[in-house]
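Coordinates in review
Residue strings, one per chain:
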Amino acid sequence: MANSKRNGTLHLQLALLISMALAAASTTTHLRFYMHDVVTAFPGSPVTAVPVANGTTPLPIDPTIRFGDIYVIDDPLTEGPGAASPVIGRAQGFYIFASQTQLVLQLSVNMVFTAGRHNGSYIVVQARDAILDKVRELPVIGGAGGFRGVTGYGLLRTHSVNTTTKNAVLKIDMYLKSV
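For the structure given in this document, a descriptive report is provided here. All values derive from a computational prediction rather than experimental measurement.

On a plain count of helices and strands, the chain comes out with one helix and 11 strands. Each helix (α) and strand (β) of the chain, taken in turn from the N terminus, gives the series α-β-β-β-β-β-β-β-β-β-β-β. Expressed as a percentage of its 179 residues, the buried residues of the chain come to 37%. Here the analysis covers contacts within the chain between residues at least 6 apart in sequence; of these, 45% occur between residues at least 24 apart. Summing over all exposed atoms, the chain offers an accessible surface of approximately 10200 Å²; the carbon and sulfur share of this is 60%.

Quick look at the structure:
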């Protein structure tokens, strides 16, 4: 009986050590960058969000936007919120206005890094984005390069928006975990 108890204690200690080693092996990376979604061109800034399909039902909150509108994006990612801030990558993908009553997007995007420490790597985001919410949580479903096998989430905040042009700058804080 004493030998059995000792073996049980050893197994428990071994399991605890393995759990601690796995937790220590995983690292969390925090990235902060800004995404510039330009729907209407202005001097020095070309369009980066292009409508490719028009929905049929105008949204009650903004009748210029329709349920089903689809935009393809190739938005710059920058270090800071200003348009002249250094570009570190591109947000490439699409969004669909996916609610008949609210400003809610279905966002599918690859955050592709083209400069700095993460150059050549990308993060894949697939998310619901309720664009009027102060903070939106975007799940990271994968990545490649230096981000191969990551999991995590991004917190998205609207830094600025022009309601006439529909141009917006979004602040993104990514929290990524890899093993």
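After that view, the rundown keeps rolling.
Moving on to the pattern of salt bridges. In total, this model carries six salt bridges according to the counting rule given. One salt bridge in this structure joins D69 and R66, with 3.5 Å as the shortest N-O distance. Using a relative accessible area of 22% as the deciding quantity, one classes R66 as partly exposed. Through salt bridges with shared partners, one network takes in R32, R157 and D173.

To continue, consider the packing of aromatic side chains. One pass over the structure, following the stated rule, counts six aromatic pairs. Centroid distance F33 to F113: 5.6 Å. Interplanar angle 80 degrees. Geometry classified as edge-to-face. Here F33, found in strand β1 (residues 27-37), pairs with F113, found in strand β7 (residues 104-113); they are 80 residues apart in sequence, far enough to count as distant. For the pair Y71 and F97, a centre-to-centre distance of 6.3 Å together with 70 degrees between the ring planes defines the contact as edge-to-face. Highlighted residues: Y71 in strand β5 (residues 70-78) and F97 in strand β6 (residues 87-97), separated in sequence by 26 residues. The class of Y71 is buried, set by a relative accessible area of 15%. For F97, a relative accessible area of 6% puts it in the buried group.

F33, Y95, M111, I123, V125 and M174 are the most contacted members of the largest nonpolar core, which has 33 residues in total. Broken down by secondary-structure element, the contributors of at least two residues to this core are β1, β5, β6, β7, β8 (122-130), β9 (136-144) and β11 (168-178). In this structure, M174 is in contact with T29, H30, L31, F33, M111, I123, V125, V140, Y153 and G154, ignoring residues within four places of it in sequence.

Let us look at the environment of T101. Of note, T101 is situated in the loop between β6 and β7. The spatial distance from the C-alpha of T101 to the C-alpha of F67 is 8.1 Å, given a sequence separation of 34 residues.

A separate point is the pairing of β8. Examined bridge by bridge, β7 and β8 share nine bridges and lie antiparallel to one another. Residue S108 lies in a different strand from β8, and its bridge partner there is Q126. Two successive antiparallel strands, β8 and β9, enclose a turn made up of five residues.

As a further point, take the environment of E137. Position of E137 relative to the elements: it lies in strand β9. Residue E137 is classed as exposed on the basis of its relative accessible area of 56%. For E137 and A127, which are 10 residues apart along the polypeptide, the C-alpha to C-alpha distance reads 8.1 Å.

So, on to the side chain of D129. Secondary-structure assignment places D129 in strand β8. One polar contact links D129 to R136, side chain to side chain, over a distance of 2.7 Å. When neighbours within four sequence positions are excluded, D129 is seen to be in contact with L103, V104, L105, R136, L138 and L156.

There is a patch of nonpolar side chains on the surface, built from V47, V50, V52, V72 and F94 and spanning about 370 Å² of accessible area. Among the structural elements, V72 can be located in strand β5.

Definitions and limits used
Residues numbered from 1 in each chain as written. Predicted model: local features only at pLDDT ≥ 70, side-chain atom pairs only at ≥ 80, totals over all residues. Heavy atoms only, no water. Helix = DSSP H or I, 4+ residues; strand = E, 2+ residues; numbered from the N terminus. Buried < 20%, exposed > 50% of the residue type's maximum accessible area, 1.4 Å probe, protein only. Contact = heavy atoms within 4.5 Å. Areas by Shrake-Rupley, 256 points an atom, 1.4 Å probe, with all protein chains shown as cover. Salt bridge = Lys/Arg side-chain N within 4 Å of Asp/Glu carboxyl O. Phe/Tyr/Trp six-rings, centres within 6.5 Å; stacked < 30°, edge-to-face > 60°. Core = buried A, V, L, I, M, F, W, Y, C linked by side-chain atoms within 4.5 Å. Pairing = 2+ DSSP bridges. Polar contact = N/O pair within 3.5 Å; in protein donor to acceptor, adjacent residues only side chain to side chain. Patch = residues over 30% accessible without salt bridge, like charges linked within 9 Å, V, L, I, M, F, W, Y side chains within 5 Å.

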